[in-house]
Amino acid sequence: MTEVYATPTPGVYAGAVPYGAHASQPILSVRQIEKVFGSRDSVTHALAGVSFDVAAGEFVGIMGPSGSGKTTLLNCISTIDAVTSGHILVGGRDITTMSKRQLAKFRRDDLGFIFQDSNLLDTLNGYENIALALTIKRESPARIPQMVEDMARTLGVGDVLKKYPYQMSGGQKQRVAAARAMVSDPKLILADEPTGALDSRSAAVMLEMLEMMNHQLGATIMMVTHDAFAASFTNRVLFIKDGSVFNELRRGDASRDEFFARIMEVVSFLGGEAGHVA
Ligand SMILES: Nc1ncnc2c1ncn2[C@@H]1O[C@H](COP(=O)(O)OP(=O)(O)OP(=O)(O)O)[C@@H](O)[C@H]1O
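The rules we used
Residues numbered from 1 in each chain as written. Predicted model: local features only at pLDDT ≥ 70, side-chain atom pairs only at ≥ 80, totals over all residues. Pairing = 2+ DSSP bridges. Helix = DSSP H or I, 4+ residues; strand = E, 2+ residues; numbered from the N terminus. Contact = placed C-beta atoms within 7 Å. Axes fitted to C-alpha atoms, helices over the stretch in contact; angles between N-to-C directions. Buried ≥ 20, exposed ≤ 12 C-beta atoms within 10 Å, placed from the backbone. Near = placed C-beta within 6 Å. Nonpolar A, V, L, I, M, F, W, Y, C, P; charged D, E, K, R; others polar. UniProt positions renumbered as here; feature names shortened; annotations may be inferred.

1. Considering the sheet that holds strand 4 (residues 85–90)
Line of reasoning, step 1. Strand order in the open sheet formed by 4 strands is 2-1-4-5, and the pairing between neighbours is antiparallel. Taken across any chain shown, the strands that pair with only one partner, and hence form the sheet edges, are strand 2 (42–55) and strand 5 (93–94).
Line of reasoning, step 2. Sheet analysis places strand 1 (residues 26–39) next to strand 4, joined by 5 bridges and oriented antiparallel. Note on strand 4: the bridge partner recorded for V30 is I88.
Line of reasoning, step 3. Here helix 2 (residues 70–77) sits on the sheet and contacts strand 1, strand 2 and strand 4; the angle it forms with strand 2, its principal contact strand, is near 65°.

Here it is in structure tokens:
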């Protein structure tokens with residue numbers, strides 16, 4: 001490991017504390033990443049030197065005004081986008097220097113995704129959608145039914161396994177998507193506005209589900225959200241502004257309501273009303 005990985009960025013993530021006692025090694029280390037889009041006449045510095053760590057067992061929220069670089073950050077970690085410079089380590093392995101083949105394996109084995117709209121395959125029922133994640137990972141076929149059923153029951157969707165996505169509610173689809181992301185036990189779950197398309201009641205159920213996945217199943221989750229209520233379910237919120245980490249809030253022992261109030265203070269400072277942070 002070269003020095004670039006070992007050098008902490010002062011103030012931002014030094015001394016990160018995981019939610020539980022799961023581990024102390026960071027699962028994710030983002031080191032001075034930059035992402036530049038375009039060339040010559042039209043250049044956008046979407047990320048301008050972002051650094052932070054996520055410890056195993058953390059539930060981290062990413063907030064920031066529209067265009068601040070949140071999705072680009074998530075896309076760089078999920079390897080959809082390549083960084084222009086800097087390094088990203090997952091489980092100690094630098095994903096910015098991996099070959100295409102290694103990246104495909106990394107995405108399959110180490111990451112789980114939850115998107116704004118569930119991205120379930122319409123031609124597969126709930127069971128098959130969840131099982132697919134295990135088949136792709138070459139899980140032993142004999143183990144798959146039990147694993148799917150256990151995860152579906154844990155996330156409250158045991159009764160929709162035979163239904164197709166068009167027969168499920170928005171909230172059920174998102175929970176099936178969460179089961180699909182979780183069933184293969186990835187190192188890191190990346191969630192991009194997972195409650196963005198849900199009504200407030202379904203959103204609350206989904207957020208409680210993510211909280212449970214984090215607390216009880218030990219999932220490490222990074223969630224981009226524009227919604228302070230959603231962010232208040234996390235343990236820590238990173239605020240991105242103009243492609244850099246602008247601020248960080250840790251929940252500590254605060255209640256969810258207290259954390260929500262603190263998040264709202266930063267949101268107001270950043271962009272006026274909550275609605276402007278999107
Ligand atoms: N493929 C691209 N080509 C050129 N510019 C891009 C591209 N993708 C993103 N950008 C620019 O990079 C900046 C960051 O975009 P990004 O989508 O990461 O922001 P965001 O914080 O996720 O915004 P929002 O909350 O509105 O989704 C923006 O200025 C955007 O226009």
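2. As for the environment of A204
Line of reasoning, step 1. Note that A204 resides in helix 7 (residues 200–215).
Line of reasoning, step 2. With 16 C-beta atoms counted inside 10 Å, the residue A204 sits in the partly exposed group.
Line of reasoning, step 3. Along the sequence, A204 and G171 sit 33 residues apart, while their C-alpha atoms lie 9.6 Å from each other.

3. Some points on the site of the ligand
Line of reasoning, step 1. Lining the immediate surroundings of the ligand are 13 residues, of which F37, A46, S66, T71 and T72 lie closest.
Line of reasoning, step 2. By residue class, the composition of the shell around the ligand is 3 nonpolar, 9 polar and 1 charged.

4. What about the UniProt feature "domain: ABC transporter" (unreviewed entry) in the chain?
Line of reasoning, step 1. UniProt tags residues 28–267 as "domain: ABC transporter" (unreviewed entry).
Line of reasoning, step 2. Taken end to end, residues 28–267 is 36% helix and 27% strand, and its two terminal C-alpha atoms sit 25 Å from one another.

5. A closer look at unusual backbone geometry
Line of reasoning, step 1. Here the phi dihedral of T79 falls at roughly 70°; this positive angle occurs in a residue that is not glycine.
Line of reasoning, step 2. Structurally, T79 can be placed in the loop between helix 2 and strand 4.
Line of reasoning, step 3. C-beta crowding within 10 Å serves as the criterion here: with 20 such atoms nearby, T79 is assigned to the buried category.
Line of reasoning, step 4. You will see that E193, though not glycine, has its phi angle at about 50°, which is positive.
Line of reasoning, step 5. Counting through the fold element by element, E193 comes out in the loop between strand 7 (188–192) and helix 7.

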